[in-house]
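# Secondary and tertiary structure notes
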Amino acid sequence: PFNDPDACYKTVLEFADRKGVIGFMVTATHYRGVYDNAYAKTYAALQERNLPLAFHAAFNWADSGLSMTNRFIAVHALGFAWHNMLHLTNWVVNGMPERFPRLKTVWIESGLAWIPFLMQRLDNEYMMRTSDCALLKKKPSDYMRDMYFTSQPMEMVDNREALQLTFKMINAETQLLYSSDYPHWDMDLPSTIHDLPFLSAQAKRNILGDNARR
């Protein structure tokens, strides 16, 4: 319940040690800064227990920007990427990876195409205004490469060259987690990963299961 920081903390304390709990997730469509110190105790509790924090993308047609879209395809295409872009940006530029270096973050169901864009954009801004990110010890893209991303919906299947570069930029062999989103209309079969010719057999095994297991 991310809109209530105290409830977040209580949820972690109540469920973190229960059998079968492997992490915690929030819906990315919310309007509180992930850098707010009110969440620090929650992040610390997760880090102490070695449990990841996942941000699951969604869209909000009532969002002041997205409300200007008049087709579902538009709000779906933008919304699922936008909120994860927003919160990941705030996470990085406010130095959360330095404050909680052992807290793993997972960014779910916003595809992959936005990640290279954001890496390049944030690195470019950082190099011109490093003082705005006083806690950072490396470029934003370097922190992003330590994060985890889920594959679905995997764009660029018609442009293998772009997809291969994206996989390289995000260290997909160790950081990408296959997801199907079954039974939704935009689901991806395991063959979406298995049939990629530029991946080694081990990379395919990692993405299809071993990365998540690890």
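As a reminder, the structure under discussion sits directly above these lines.
Residues numbered from 1 in each chain as written. Predicted model: local features only at pLDDT ≥ 70, side-chain atom pairs only at ≥ 80, totals over all residues. Heavy atoms only, no water.

Our next topic: the sheet that holds strand β3 (residues 105-108). Spatially, the 5 strands line up as an open sheet ordered β1-β2-β3-β4-β5, and their pairing is parallel. Where the open sheet ends on each side, the last strands, each with one partner, are β1 (24-27) and β5 (176-177). Alignment of strand β2 (residues 53-56) against β3, held across 4 bridges, turns out to be parallel. Bridge pairing in β3 links His56 to Ile108. (Pairing = 2+ DSSP bridges. Helix = DSSP H or I, 4+ residues; strand = E, 2+ residues; numbered from the N terminus.)

This next bit is on the packing of aromatic side chains. Enumeration over the complete set of coordinates arrives at 13 aromatic pairs. Judged by centre distance (4.0 Å) and plane angle (10°), the ring pair of Phe2 and Tyr39 falls under stacked. Residue Phe2 is found in the segment before α1 (5-15), and its partner Tyr39 is found in the loop between β1 and α2 (40-48); the two are separated by 37 residues along the sequence. Looking at Phe2, the relative accessible area reads 8%, which means it is buried. Here Tyr39 falls in the buried class, since its relative accessible area comes to 1%. Clustering of aromatic rings is evident, with ring pairs tying together Phe2, Tyr39, Tyr43, Phe55, Trp91, Phe100 and Trp107. Positioned over the ring face of Tyr143 is Lys138, at 4.9 Å from the centre of the ring. (Phe/Tyr/Trp six-rings, centres within 6.5 Å; stacked < 30°, edge-to-face > 60°. Buried < 20%, exposed > 50% of the residue type's maximum accessible area, 1.4 Å probe, protein only. Lys NZ or Arg CZ within 6 Å of the ring centre and 35° of its normal.)

Moving on to the layout of surface pockets. Estimated volume of the largest pocket: approximately 460 Å³. Forming the boundary of the largest pocket are 18 residues, of which Ile22, Pro52, Val106, Leu177 and Ala212 lie nearest the centre. Listed by contribution, the elements that provide at least two residues to the lining of the largest pocket are β1, β3, β4 (148-150) and α10 (201-213). Top contributing element to the lining of the largest pocket by residue count: α10, with 3 residues. Of the residues assigned to the lining of the largest pocket, the class counts are 11 nonpolar, 4 polar and 3 charged. By volume, the second largest pocket is sized at about 300 Å³. (1 Å grid on protein atoms, 1.4 Å probe; cavity = no way out; pocket = protein on both sides within 12 Å on 5 of 7 lines; lining within 4 Å. Points joined across faces, edges and corners; volume = space filled by probe spheres on them. Nonpolar A, V, L, I, M, F, W, Y, C, P; charged D, E, K, R; others polar.)

Before going further, it helps to spend a moment on the side chain of Thr89. Turning to its location among the elements, Thr89 is positioned in helix α3 (residues 72-93). Using a relative accessible area of 19% as the deciding quantity, one classes Thr89 as buried. For Thr89, the residues in contact, after removing those within four places along its chain, are Leu118 and Leu122. (Contact = heavy atoms within 4.5 Å.)

The next thing to look at is unusual backbone geometry. Omega for the bond connecting Gln152 with Pro153 falls within 30 degrees of zero, at -5°, which places this linkage in the cis form. Omega for the peptide link from Tyr182 to Pro183 comes to 5°, which places this bond in the cis form. With respect to the secondary-structure elements, Pro183 resides in the loop between β5 and α9 (191-194). Notably, Asn50 is not glycine yet its phi reads approximately 55°, a positive angle. We note that Glu109 has phi near 60°; this positive angle belongs to a residue other than glycine.

Once that is clear, we can look at the nonpolar core. Of all hydrophobic cores here, the largest spans 50 residues; its most connected members are Tyr43, Leu88, Met144, Phe149 and Phe167. Broken down by element, this core gets its largest block of residues, 6 residues, from helix α5 (residues 114-128). The residues contacting Phe167, other than those within four sequence positions of it, are Leu112, Met154, Ala172, Leu176, Ile193, Leu196, Phe198, Leu199 and Ile207. Counting residues in hydrophobic clusters, the runner-up holds 5 residues, among them Ala54, Val106, Ile108 and Tyr148. (Core = buried A, V, L, I, M, F, W, Y, C linked by side-chain atoms within 4.5 Å.)

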